[in-house]
Amino acid sequence: MRRVFPLLMAALLVLIAGCASRATGVEVPTFDTGIEPGDWALVPAGEFLMGQHLHETMIDYDYEIMVVPVTNAMYAEYLNEALDEGAVEMDGDQIVGYYPGDEFHGYKHELPIDEGNWLHIQLGDPYLRIVYEGGEFSALEGYADHPMVNVTWFGARAYCEYYGWRLPTEEEWEKAARGTDGRAYPWGNDISPANANYYNSGDPFEDVFGPLGDTTPVGFYNGNEYDGFQTEDSASPYGVYDMAGNVWEWTANVYEGTHYRYMRGGSFRNYDYGLRVWWRNSAGPDFYAPSVGFRCVRDVEGAEE
Amino acid sequence: MKWLTDRFNYLFSSTKGLILVAIAMIALVTAIWGTLSGPLAEWGVKDFTVRVLGMRLDPIEREGRIIILYHTIAMAVVAIETYMITSLVPMKDARRTAINATITVGYMAAMVFGLAFAYFGHNFVFHGVFLFGQSLVFFAGVMLTVALWPWQKEYRVKSKEYSHFFGDIDGERMAFFIMALAMLGSALFGAVPGSLWGNGHETFLAEDVVREPHKSPLQLAVIGHLHIMLTLIAVALALIIGRWFDFKGILHKWAMPLMIIGTIITTIGVWMVVPFEAIAHIIINIGATPILTASLLLAIYGWGKLIRERLAEKGIENPSFADKVKALLHDPLRFGSLWQMIYMNFPVTFIGIYMAIELDEVFRVWPWREERIALTGHWHILSGIIATIILLYYADIAGLKGKVRQWFGWIVIIGSDLAFAGATVYSIKRLFVDELSEQAFVKGTMLFIEIGLAAVLIALGALMAWRLVDLFRPRGRWSEEFSDPELAPGDEIATGSQEG
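Residues numbered from 1 in each chain as written. Chains lettered and ligands numbered in written order. Predicted model: local features only at pLDDT ≥ 70, side-chain atom pairs only at ≥ 80, totals over all residues. Heavy atoms only, no water.

1. As for the overall build of chain B
Stage number 1. Looking only at helices and strands, one finds 19 helices and 2 strands in chain B.
Stage number 2. The C-alpha atoms of chain B give 22 Å as radius of gyration, which agrees with the globular expectation for 500 residues (23 Å, within 12%).
Stage number 3. Reported as C-alpha extents along the three principal axes, the dimensions of chain B are approximately 60 × 60 × 45 Å.
Stage number 4. A total of 500 residues make up chain B; the buried ones form 58% of that total.
Stage number 5. For chain B, long-range pairs separated by at least 24 residues make up 77% of all intrachain contacts whose partners lie at least 6 apart in sequence. (Helix = DSSP H or I, 4+ residues; strand = E, 2+ residues; numbered from the N terminus. Rg over C-alpha atoms; globule rule 2.2 N^0.38 Å. Buried < 20%, exposed > 50% of the residue type's maximum accessible area, 1.4 Å probe, protein only. Contact = heavy atoms within 4.5 Å.)

Put into structure tokens, the structure is as follows:
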């Protein structure tokens, strides 16, 4: 055993050292889900049951939410327009943009978020599915209709505001995800691999990348069959897809005493329980990851605020 | 009939039998409920367990279920420690019997009916019995605290080799007493929010809210309750292991006051989390230092004793360094019980200190999910280490000898330490590897965790299987234990536990 232990430790170190970035050049499966990115779903005003413990919560206005998360293709198009118009700037290998800053309260773990330019996306990051070539942004081949990831809260917020929309509040996001009957997942109370993209859920991308998998095209879990992988139609009561799994989604709220921003929905990296609609994740607004994306909401014209 | 009553009396009226029953209950719960998460869940074993046993796992109630599961196991662990204390620390037989009987009914009711309520539908009568069981455990704790009262004349120290205060008050008994008293208060500390939320209304896991800037007093109490109960269970175990080794002499005289002071300060610090969260951590850290120091003194004493005894047994008068190391390692059960206390500092204490120093680069930057994994990991590892120390001591109580003793001891030590090292590295993986590159890394660390835990659980399973088979033998190990039911403190057991 005295010989085995050092060998095992050495193996672990080799493993750590060998963990390079995911190999590029792998052919990414492509599927047409038939769901149109950029479509909107109406969420009518009214009470709903919020959180794990089903607190009655009122949202007294109608609003619309994107049926699927913002895709890489949509974000690339935005970058081309926003950069031309000066809404965002390129600073070396970063896309940055102005943010007016948050009030700082000096709580124990609070970090100041000052006025100024903040990171939106880090160009050249191996997990960014957007490429910048010849002065143009475009989606990486095979990832055009996958959710935009590796985007900071600032970058998500800027996208929505550029088009006159906004990030959803946590309340808006959760109501759109679960409707009014207090269900645990957008489609009901039970989860199976046919409902959503989560860890070890067996989707075709896990065949390529292993149980950790990858993002799936937006609206993938709509009842279609993809190369023998049968999905169930897993929209929320308002017809919104991908509200559980695939990518975490940034929400709008800025809370007193913390610099963290909150995400909802779970991602392809989570176990199934992490996809329950009240489950939250949080990180600083300049955090970005391959499992974090977003979608926008907009007010309904003519609706009373 | 006599066949049955003999076994029943052994299992439920002797200290050794009671400990065996409680360990077997925990092993059974671990074997079944361990299939609901981790790799076994991924392999589909969870679905099988749920289907065969008819479990009802509503996703909205997951946290509530887990809280009940934690409590059922914790009650059994507290019962095991209580049996050990009532046997090792002098007290009246009637008190010992009353305490053991009460806590046995309590933890069993809590375990059986708590799990029945949580995982098999919501019969609120079961929930009531679960609460009643926990109340009995608490009441047994009250009786234990009374029985440990250090000012009783008949329990003053008789040998000045042991820690003593104010003349002849037994320092070790005082340490047990303070620990028990602190545990009672800390149990109430959790029971107050539990009584408000726990009746099927609202639940949360302590590790889920640590980074939140706004916590309610009841949330703070739950976080404090989790941490102090685990700390006090560890303190109790260190004191028990001290009895096992017949801890005495100058190190004992230093260690006991340190343990007492540390227990008092840490407990007060945790209780102050509610009104004075900002300074509570400073107080807790001040209190934890003497507790860790006292444990270190115990390890130094125990290892020294192991070496001295073995060298004397072998007749080596001028030992080389290698002789001393060999002597130290010759009995993995006794070496391991102390080694695990030292090892605990690597995956728990030192990682905690590192995280605190690197707050700006770690928790303030990492997403909540990573922070949660680290937090959950650190107290699961501490719980696991406590369990292995109990297991090593129990293997000695059960009379493992010779090669079996060696194999069992080293499998538990190496298996658990590999698993805990793997879990520690996994929990801080974001320091080494990014999100999408982590698959190979996770697989590697999981391999360590799974192999290590599997080895420990197989060893535990083998021990339990042996004890089960033994019960069917007319004059098995059980009958020996029944005729000598109490744990022998100090030298008696130390001598008797050598290779046979």
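2. Details of the sheet that holds strand β13 (residues 261-264) of chain A
Residues and elements named next belong to chain A.
Stage number 1. Pairing is mixed in the open sheet, where 4 strands are placed in the order β14-β13-β12-β15. Of all strands in the sheet, those with a lone pairing partner are β14 (280-283) and β15 (292-293), marking the two edges.
Stage number 2. Packing of helix α4 (residues 170-178) onto the sheet brings it into contact with β12 (248-250), β13 and β14, and relative to β13 it is tilted by some 5°. (Pairing = 2+ DSSP bridges. Axes fitted to C-alpha atoms, helices over the stretch in contact; angles between N-to-C directions.)

3. Regarding the side chain of Asn270(A)
Stage number 1. The topology assignment puts Asn270(A) in the loop between β13 and β14.
Stage number 2. At 3.3 Å, the side chain of Asn270(A) and the side chain of Trp248(A) are in polar contact.
Stage number 3. Excluding anything up to four places from it in sequence, Asn270(A) contacts Tyr198(A), Tyr199(A), Trp248(A), Leu275(A) and Arg369(B). (Polar contact = N/O pair within 3.5 Å; in protein donor to acceptor, adjacent residues only side chain to side chain.)

4. Some remarks on the state of the cysteines
Residues and elements named next belong to chain A.
Stage number 1. Tallied over the entire structure, the rule returns 1 disulfide over all chains.
Stage number 2. Sulfur-sulfur distance for the disulfide between Cys 160 and Cys 296 comes to 2.1 Å. Sign of the S-S torsion, about -85° for the bond between Cys 160 and Cys 296, identifies this disulfide as left-handed. Here Cys 160 is found in helix α3 (residues 153-162), whereas its partner Cys 296 is found in the loop between β15 and β16 (297-299), with 136 residues between them in sequence. For the pair formed by Cys 160 and Cys 296, the shared burial category is buried. (Disulfide = S-S within 2.5 Å.)

5. Topic: the nonpolar core
A general feature of soluble globular proteins is that nonpolar side chains tend to end up buried together.
Stage number 1. Formed by 141 residues in total, the largest nonpolar core has its most connected members in Met84(B), Tyr107(B) and Ile241(B).
Stage number 2. Each of domain 1 (153-329) and domain 2 (331-473 + 483-500) of chain B contributes no fewer than three residues to this core. (Core = buried A, V, L, I, M, F, W, Y, C linked by side-chain atoms within 4.5 Å. Domains from an automatic or database assignment.)

6. Things to note about the confidence of the model for chain B
Regions with low pLDDT should not have their predicted coordinates read in detail.
Stage number 1. Confidence in the prediction of chain B, expressed as mean pLDDT, is 92, and 97% of residues score 70 or more.
Stage number 2. The low-confidence segment residues 491-500 of chain B (pLDDT under 50) makes 25 contacts with residues lying over four places distant or belonging to another chain. (pLDDT = per-residue confidence, 0-100.)

7. Re the interface of chain A and chain B
Stage number 1. Across the contact, 54 residues belong to chain A and 43 residues belong to chain B.
Stage number 2. When chain A packs against chain B, the two sides together hide about 4300 Å² of surface, and 57% of this comes from carbon and sulfur.
Stage number 3. One salt bridge connects Arg269(A) with Glu435(B), and the closest N-O pair in it is separated by 3.6 Å.
Stage number 4. For the interface between chain A and chain B, the tally reads 22 residue pairs in polar contact (both at pLDDT 80 or more).
Stage number 5. Taken together, the elements giving at least two residues each to the side of chain A that touches chain B come down to α1 (4-17) and β14 of chain A.
Stage number 6. Element by element, the count of residues in the side of chain A that touches chain B is highest for α1(A), at 5 residues. (Buried area = accessible area lost by both parts, 1.4 Å probe. Salt bridge = Lys/Arg side-chain N within 4 Å of Asp/Glu carboxyl O.)

8. Re the sheet that holds strand β6 (residues 94-99) of chain A
All names here are of chain A.
Stage number 1. Pairing in this open sheet of 3 strands is antiparallel, and the strands run β5-β6-β7 from one edge to the other. Since the sheet does not close on itself, it has two edges, and those belong to β5 (89-91) and β7 (116-122), each with one partner. Ignoring strand direction, the axes of neighbouring strands in this sheet form an average angle of 45°.
Stage number 2. Where β6 meets β7, 6 bridges bridge the pair, whose relative direction is antiparallel. When the sheet's bridge partners are listed, Ile 95 is paired in β7 with Ile 121.
Stage number 3. The strands touched by α3 within the sheet are β6 and β7, with β7 carrying the most contacts at an inclination of about 95°.

9. Section: the domain arrangement of chain B
Residues and elements named next belong to chain B.
Stage number 1. Examined at the domain level, chain B breaks down into domain 1 (153-329) and domain 2 (331-473 + 483-500).
Stage number 2. For domain 1 and domain 2, the distance between their C-alpha centres works out to 18 Å.
Stage number 3. The interface of domain 1 with domain 2 comprises 33 residues on the first partner and 39 residues on the second.
Stage number 4. Of the roughly 3100 Å² buried between domain 1 and domain 2 on both sides combined, carbon and sulfur atoms contribute 67%.
Stage number 5. For domain 1, the biggest contributors to the area lost against domain 2 are Glu 207, Arg 211 and Trp 244; these three give 26% of the whole.

10. Notes on the environment of Thr169(A)
All names here are of chain A.
Stage number 1. Turning to its location among the elements, Thr 169 is positioned in the loop between α3 and α4.
Stage number 2. Residues Thr 169 and Gly 97, spaced 72 residues apart in sequence, show a C-alpha to C-alpha distance of 21 Å.
Stage number 3. Among residues more than four places away in sequence, those in contact with Thr 169 are Thr 251, Ala 252 and Asn 253.

11. Notes on the pattern of salt bridges
Stage number 1. With the rule as written, the count across this model stands at 40 salt bridges over all chains.
Stage number 2. Residue Arg211(B) is joined to Glu371(B) by a salt bridge in which the shortest nitrogen-to-oxygen separation is 2.6 Å. One end of the pair, Arg211(B), is in the loop between α8 (171-197) and α9 (217-244); the other, Glu371(B), is in helix α15 (residues 368-397), with 160 residues separating them in the sequence.
Stage number 3. The class for Arg211(B) is buried, based on a relative accessible area of 6%.
Stage number 4. Glu371(B) sits in the buried class, given a relative accessible area of 3%.
Stage number 5. As a salt-bridge pair, Asp396(B) and Arg405(B) come within 2.6 Å of each other at their nearest N and O atoms. The exposure classification of Asp396(B) matches that of Arg405(B), with both residues buried.
Stage number 6. Taken together, the salt bridges that share partners define one network made up of Arg269(A), Glu370(B), Lys429(B), Arg430(B), Glu435(B) and Glu438(B).

12. Examining the packing of aromatic side chains
Stage number 1. According to the stated counting rule, one finds 54 aromatic pairs over all chains in the structure shown.
Stage number 2. Ring geometry for Trp244(B) versus Phe245(B): centroids 5.3 Å apart, planes at 65°, classification edge-to-face.
Stage number 3. Among the aromatic residues, those joined into a ring-pair cluster are Trp40(A), Tyr75(A), Tyr78(A), Tyr159(A), Tyr162(A), Tyr163(A), Trp165(A) and Phe294(A). (Phe/Tyr/Trp six-rings, centres within 6.5 Å; stacked < 30°, edge-to-face > 60°.)

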